[in-house]
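Summary of the model geometry
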Amino acid sequence: MTKMITYDDMTIEMMQGTQYPAEMLGLALSITMKSSPDDFIPKFTAEKGRFILEAEHSSVFEHVVYTFLIQNMSRSLLAQLTRQRTASPTSGSQHYQTYTDYPCSVSPCLTEEQATIMQDGIDYSFETYDKLLKTGLAKEEARQALPNAAVTNYLWTIDARNLALFLRLRLCHRNVLEMQIFAEAVLSMVIEHFPELYRNVGPQCFRGKCKQGPMKCVEGPWIPRNA
C-alpha cells in the first residue's frame, strides 16, 4: 500500500534571502532619483512599499532574491509553480530516481470514503509502475503511470517583484488548497524577512476590488487560512 500524506505535511524552508532588503531597496530608489549613490539613502518604509506596488514602479524589487526548499509537494503543485516563468526551479527527477517508495500527497479534507477511493487509485498506479519496471521498461518511460499526487522535492528561486505578483495571484481562495497552504507559508516567511514590502502584499481583494468577475471566489474578502 502506498503511503498517503496530506498537504499539511509539506515543508517549506527559506534557504536564503537578500541580506538587508530594505537597505538594498533604499539604494535602488536613491539611484533612480539622484546623480550620486553616495548621497543620503532614504529609508525604505512600508508606506513606500505600498506606494511602489500601487504605482507599479516595482522593477527595483528585483534586487531582492529568495530561494526556498520545498519537500513533500505533489507533482500537481509542481506543475502550477512552473507556470511562474520568472522563477528558477529545480525538482526531483522521475527520469533518474525510482519512485516506488515515494508517498503521495492528498487533501486533508477527504472523507473516509474519498480517502479509500483515492488510496485504491494510487495503489493501482504504483503497482502498474512497479510492474513496468520489472518488465525492463526504463523508469523515464514507466513514470507515465505515476499519479499527480506523487511527491517531489523542489528548489525555487525568485525575486521579490515576481514573488509579490505570485502571492497576489496564488493567495486568492480561487486556488486549490495545496497552493493556498504553500502561498501562505511563503508569505509568513517573507513578511518576517522584509515586512516593509510584504505586509502590503495579498490577493486583489486585499488591496482593492476583486477583478475576477464571474470567476471570483464565493468566500468574500481574503482571510489567511491560519488567521
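Placed above this text is the structure.
Described in the following lines is the structure provided in the data block.

If you walk across this open sheet you meet the 4 strands as 2-3-6-4, and the pairing is antiparallel. Only two strands of the sheet have a single neighbouring strand rather than two, namely strand 2 (11–17) and strand 4 (88–91). For this sheet the average axis-to-axis angle between neighbouring strands, irrespective of direction, equals 15°. Judged from the 4 bridges that link them, strand 4 and strand 6 (residues 151–159) form a sheet pairing that is antiparallel. Looking at the pairing, serine 91 lines up with tyrosine 154 of strand 6. Strand contacts of helix 6 (residues 160–170): strand 3 (65–74) and strand 6, with the helix running at about 125° to strand 6, the strand carrying the most contacts.

Working note: non-glycine residues mostly have negative phi, and peptide bonds are mostly trans. Backbone geometry places glutamate 56, a non-glycine residue, at a positive phi of 60°. As for its placement among the helices and strands, glutamate 56 is situated in the loop between helix 2 (46–55) and strand 3. Non-glycine residue asparagine 72 carries a positive phi angle of around 65°. Tracing the sequence through the fold places asparagine 72 in strand 3.

What counts, and where the lines are drawn
- Residues numbered from 1 in each chain as written.
- Predicted model: local features only at pLDDT ≥ 70, side-chain atom pairs only at ≥ 80, totals over all residues.
- Heavy atoms only, no water.
- Pairing = 2+ DSSP bridges.
- Helix = DSSP H or I, 4+ residues; strand = E, 2+ residues; numbered from the N terminus.
- Axes fitted to C-alpha atoms, helices over the stretch in contact; angles between N-to-C directions.
- Contact = heavy atoms within 4.5 Å.

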